[in-house]
There are 2 protein chains.
Amino acid sequence: MSIPKQTAFTAAEFRRRQDEVRRRAQGLGLDALLLSLPSSIVYLTGYTGMSGYVPQVLLLRCDTTDDPTLWMRLQDRPGALHLTHLADDLVVGYPEAFVGHPDQDGHDYILRQIGSALLPLRVGLEFDALSHAALRKWQARLPVRELVDAAGIVDGVRIVKSNAEVAVMREAAAIADAAMGAATAAIHEGARECDVAALVAAAAVRGLPDCGSTHLEVPLICSTPRTGTPHICWTEDRYRQGTQVNVELGGTRHRYSAGLMRTFHIGPPPDRLKRLHEAELVATDAALAAARPGARCNDVAGAFCRALEQHGFRKDSRCGYAIGIDWIEPAASLSLHDRTELQPGMTFHLMLGNWISEDFGYVLSETILITPHGVEALTRTPRKLFIH
Amino acid sequence: MSIPKQTAFTAAEFRRRQDEVRRRAQGLGLDALLLSLPSSIVYLTGYTGMSGYVPQVLLLRCDTTDDPTLWMRLQDRPGALHLTHLADDLVVGYPEAFVGHPDQDGHDYILRQIGSALLPLRVGLEFDALSHAALRKWQARLPVRELVDAAGIVDGVRIVKSNAEVAVMREAAAIADAAMGAATAAIHEGARECDVAALVAAAAVRGLPDCGSTHLEVPLICSTPRTGTPHICWTEDRYRQGTQVNVELGGTRHRYSAGLMRTFHIGPPPDRLKRLHEAELVATDAALAAARPGARCNDVAGAFCRALEQHGFRKDSRCGYAIGIDWIEPAASLSLHDRTELQPGMTFHLMLGNWISEDFGYVLSETILITPHGVEALTRTPRKLFIH
């Protein structure tokens, strides 16, 4: 018996996305795309299952407006039928003999199924979604006119969000705010760091009464003496007077994430931290003032860095990146090197974390939306240094 | 100012691991390894930071017993110095100009740093840890006698855990049991699925009073009508009488994970579910009886499948996989195709989830340790169908 569908967006929304990707691909002279990045599959079909550790391929032809075909492990097929608008015959499962087998995997099955159906076409394949061995299979055994790297084609479309996607990003941002509220309640002298992380994770999963989360981006919580390093995991250490806590968390809704970072201090903060926080606030305002349609990514980064330097600090790392499906969208960075033009509907994690020395760093971020006339912060947590 | 070290294992433990990897590499005629899989870096150094989305390379030479050198993003260097025994000069950071830049990345920096230092050597590189573009850089620009794929070398060593690693796996298993206890308390009629997921995630992060977690494997919770699909995320649906809940969760300690799966039913379970559960229990006993040093992975899978078939059911998917650092270790599967010999110290997620039709599946698993004389389940949750 099949189970009812439960989709996050309308069929028309996915058709619009598919058509825009087709247009972009055709502009590059491509007749079809073979997509394996989980984010590409989420974007074009709505399948958000965590099954991308085995081969999955979405075939989107550009010479028709037919729905794409999704090949995946047979056991994941019911989930795809449930979460997407795809018809029964467009989700094809490969049997378990192709999983955990030393001599064959799903790519062998999919290659055999496609056969010579794409023979006269110029086909784009997401090379970087594939292992070295898988890519070699496709290059050696797929009969096509030409097989080229499709890197960036879907990314280049999904960087601009539709109204429906922005609505979901707003929900993700509200969940992020709720999770930061949980951090605010949890951080106190005597708390174990893992207990704080537990309450933050729970709030991010729970979401809001009318809008639960549907996935979790694992929070990063780095506290004294680890405020100078951004990516390490929480510990069991107990907080005490003088502990600084850097919190990076996300809210996730239908696999769209909004990021949020704030800095906490237990007891009176040292002068250096207060001065850095004040400088970051001014520089954040400068970045937000620079973010509008027609400006470029490097304008935003430049405005932030100049204002921060006027206050005696420097930030070497980029000021953020596109965010949406999964955390970091590769299409654009808010960096001095990136001249991508901002467009309404783009969303960024304006990430102003600043790791100044081995033992000192500070974090602050917002998830922002480029609007027709400027910018809007989707996250709403007060932009302050939280003193506990 | 540098921050004090906080390492999960002794320096001697890491030296032992490095020596075993060297031996294996030398057996394959290799003089040095360039490792980029996050799991390889965790295994050989203890660096568990979540920074592997930008280039990281560990150079382990086989012709000396010197500690390896780790190249990474400069901002992640303090975290690596904190979490590993590596000396200051053996962790090398590349500047931010190599991050989010359209024309260069960390690989360019690392290649330049290594220069011709490996010129006369036969070097193994983990091809599948690299993107297509990164692999081409290394193949084109690293001057060596020969550059070959190092796939599986570290995996082949880390599949057998030391006593110190088993001790950490036991802690991870105890955390998994605690999280399943939270699921047991949370699942009831009227609960939102995301609220159940929140309590499970919180328990997995919190860990135990004397042993907190240090990371989270995001739980998978699939409930009616989604019991027939294994990998999709939780929803906001409310549970009601007749809802079945399949819970897959993990405990994680110093990046070692233990997996655990149990099936819940709200109200009296249907006959089909009861019969499948009874059959799975008998078949699990058969699998455990077959798991001992000298037996092979396919013996365990065969024992399970035969017993299950005698009770009128079939499981098509593998019966589990090696588990340890990160969830699925690729070195061995408990499948009918895998003839890997079991050795004391190997740990597996004996994963007996069975997705029978689109609308019906069942889960049961244990994290197990191969002991000198047989097998031990590290997870201790009662092996029952939980009826609420």
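What you are looking at is a predicted structure, and each value in this text was computed from that prediction instead of being measured.

**Q** Give a detailed account of the overall build of chain A, specifying residues and quantitative values.
**A** What chain A contains, in helices and strands, is 10 helices and 17 strands. Compactness check: chain A gives a C-alpha radius of gyration of 23 Å against a globular reference of 21 Å for 388 residues, within 12% of the reference. Here the C-alpha coordinates of chain A stretch approximately 70 × 45 × 40 Å along the principal axes. Put simply, chain A has 388 residues, and 63% of those count as buried. When contacts within chain A are restricted to residue pairs at least 6 apart in sequence, those whose partners lie at least 24 apart make up 67%. Accessible area of chain A: about 13600 Å², with a carbon and sulfur share of 51%.

**Q** Hey, could you go over the sheet that holds strand β4 (residues 91-94) of chain B for me, with residue numbers and the actual values?
**A** Residue and element names in this part refer to chain B. Strands sit in the order β4-β3-β2-β1-β5-β6 across an open sheet of 6 strands; the sheet is mixed. In this open sheet, the two edge strands, each paired with only one partner strand, are β4 and β6 (146-149). Ignoring which end each strand starts from, the neighbouring axes of this sheet average 20° apart. Across 4 bridges, strand β3 (residues 69-73) lies against β4 in parallel orientation. Directly across from Leu70, in β4, lies its bridge partner Val91.

**Q** A description of the packing of helix α7 (residues 163-186) of chain B against helix α8 (residues 193-206) of chain B should follow, citing residues and the corresponding values.
**A** Residues and elements named next belong to chain B. Contact pair α7 / α8: the axes reach a minimum separation of 8 Å and the direction vectors enclose 155°. For the element pair α7 / α8, the angle class is roughly antiparallel. Remark: the crossing between α7 and α8 carries right-handed chirality. Here Ile175, Ala178, Ala179, Ala182, Ala183 and Ala186 of α7 lie close against α8, whose contacting residues are Val196, Leu199, Val200, Ala203 and Ala204. Here the contact of α7 with α8 is composed, by residue class, of 11 nonpolar, no polar and no charged.

**Q** Got a sec to walk through the interface of chain B and chain A? Specific residues and values, please.
**A** With 76 residues of chain B at the interface, the matching set in chain A holds 76 residues. At the surface where chain B touches chain A, the tally comes to 4 salt bridges. Arg77 of chain B is the salt-bridge partner of Glu358 of chain A, the closest N and O atoms lying 3.4 Å from each other. One can count 30 residue pairs in polar contact (both at pLDDT 80 or more) joining chain B with chain A. If you list the elements that add at least two residues to the side of chain B that touches chain A, you get α3 (77-83), α5 (132-141), α8 and β11 (326-333) of chain B. With 8 residues, the single largest contributor to the side of chain B that touches chain A is α8 of chain B. For the side of chain B that touches chain A, the residue count by class is 34 nonpolar, 24 polar and 18 charged.

**Q** Any chance you could break down the nonpolar core for me, citing the residues and the numbers?
**A** Ranked by internal contacts, the top residues of the largest apolar core, which has 58 residues, are Ile187 of chain A together with Ile187 of chain B. Contributions of two or more residues to this core are made by α7 (163-186), α8 (193-206), β8 (244-253) and β9 (256-265) of chain A together with α7, α8, β8 (244-253) and β9 (256-265) of chain B. Residues in contact with Ile187 of chain A, not counting those within four places in the same chain, are Val196, Tyr239, Val245, Val247, Phe264, Ile266 and His388 of chain A.

**Q** Can you break down the pattern of salt bridges residue by residue, with the values?
**A** The final tally for this structure, using the stated rule, is 62 salt bridges over all chains. Note that Arg16 of chain A and Glu13 of chain A form a salt bridge whose closest N and O atoms lie 2.9 Å from each other. One end of the pair, Arg16 of chain A, and the other, Glu13 of chain A, are both in helix α1 (residues 11-27), 3 residues apart, so they sit about a helical turn from each other. Among the residues examined, Arg16 of chain A registers a relative accessible area of 25% and is labelled partly exposed. Between Arg122 of chain B and Glu146 of chain B there is a salt bridge whose closest N-O contact spans 2.6 Å. Of the two residues, Arg122 of chain B sits in strand β5 (residues 122-125) while Glu146 of chain B sits in strand β6, which places them 24 residues apart along the sequence. Sharing partners across several salt bridges, the network here consists of Glu13, Arg16, Arg17, Glu20 and Glu165 of chain A.

**Q** An account of the sheet that holds strand β3 (residues 69-73) of chain A is needed here, citing residue identities and associated values.
**A** All names here are of chain A. With mixed pairing, 6 strands are arranged side by side in an open sheet as β4-β3-β2-β1-β5-β6. In this open sheet, the two edge strands, each paired with only one partner strand, are β4 (91-94) and β6 (146-149). The mean inter-strand angle of the sheet, taken between neighbouring strand axes irrespective of direction, is 20°. Relative to the sheet, α1 contacts β1 (32-35) and β2 (57-61), its axis offset from that of β2 by approximately 70°.

**Q** Give me the lowdown on the confidence of the model for chain A, citing residues and values where you can.
**A** On average, residues of chain A score 97 in pLDDT, and 100% of them are at 70 or above. As scored by the predictor, the complex reaches a pTM of 0.97 and an ipTM of 0.96.

**Q** For unusual backbone geometry, give the residues involved together with the corresponding values.
**A** Residue Pro225 of chain A is reached from Thr224 of chain A by a cis peptide bond, and omega for that bond is 10°. If you check the backbone angles, His254 of chain A has positive phi at about 50° while not being a glycine. By secondary structure assignment, the location of His254 of chain A is in the loop between β8 and β9. With relative accessibility at 22%, the residue His254 of chain A sits in the partly exposed group. Backbone geometry places Arg255 of chain B, a non-glycine residue, at a positive phi of 75°. If you trace the backbone, Arg255 of chain B turns up in the loop between β8 and β9.

**Q** Lay out the relation of the copies chain B and chain A in plain terms, naming residues and giving numbers.
**A** Mapping chain B onto chain A calls for a screw motion: a turn of 180° about the axis and a shift of 0.0 Å along it, with 0.0 Å RMSD after fitting. Here the symmetry operator amounts to a two-fold rotation axis. Across chain B, the rotation axis passes nearest the C-alpha of Ala202 of chain B, at a separation of 2.6 Å.

**Q** An account of the side chain of Thr227 of chain B is requested, with residue identities and associated values reported.
**A** Looking at the element boundaries, Thr227 of chain B is found in the loop between β7 (220-223) and β8. Dropping the residues within four chain positions of it, Thr227 of chain B is found in contact with Cys222, Gln244, Asn246, Trp355, Asp359, Phe360, Gly361 and Tyr362 of chain B.

Definitions and cut-offs
- Residues numbered from 1 in each chain as written.
- Chains lettered and ligands numbered in written order.
- Predicted model: local features only at pLDDT ≥ 70, side-chain atom pairs only at ≥ 80, totals over all residues.
- Heavy atoms only, no water.
- Helix = DSSP H or I, 4+ residues; strand = E, 2+ residues; numbered from the N terminus.
- Rg over C-alpha atoms; globule rule 2.2 N^0.38 Å.
- Buried < 20%, exposed > 50% of the residue type's maximum accessible area, 1.4 Å probe, protein only.
- Contact = heavy atoms within 4.5 Å.
- Areas by Shrake-Rupley, 256 points an atom, 1.4 Å probe, with all protein chains shown as cover.
- Pairing = 2+ DSSP bridges.
- Axes fitted to C-alpha atoms, helices over the stretch in contact; angles between N-to-C directions.
- Parallel < 35°, antiparallel > 145°, perpendicular 65-115°, else oblique.
- Left-handed = near helix turned anticlockwise from the far one by under 90°.
- Nonpolar A, V, L, I, M, F, W, Y, C, P; charged D, E, K, R; others polar.
- Salt bridge = Lys/Arg side-chain N within 4 Å of Asp/Glu carboxyl O.
- Polar contact = N/O pair within 3.5 Å; in protein donor to acceptor, adjacent residues only side chain to side chain.
- Core = buried A, V, L, I, M, F, W, Y, C linked by side-chain atoms within 4.5 Å.
- pLDDT = per-residue confidence, 0-100.
- Least-squares fit on C-alpha atoms with pLDDT ≥ 70 in both.

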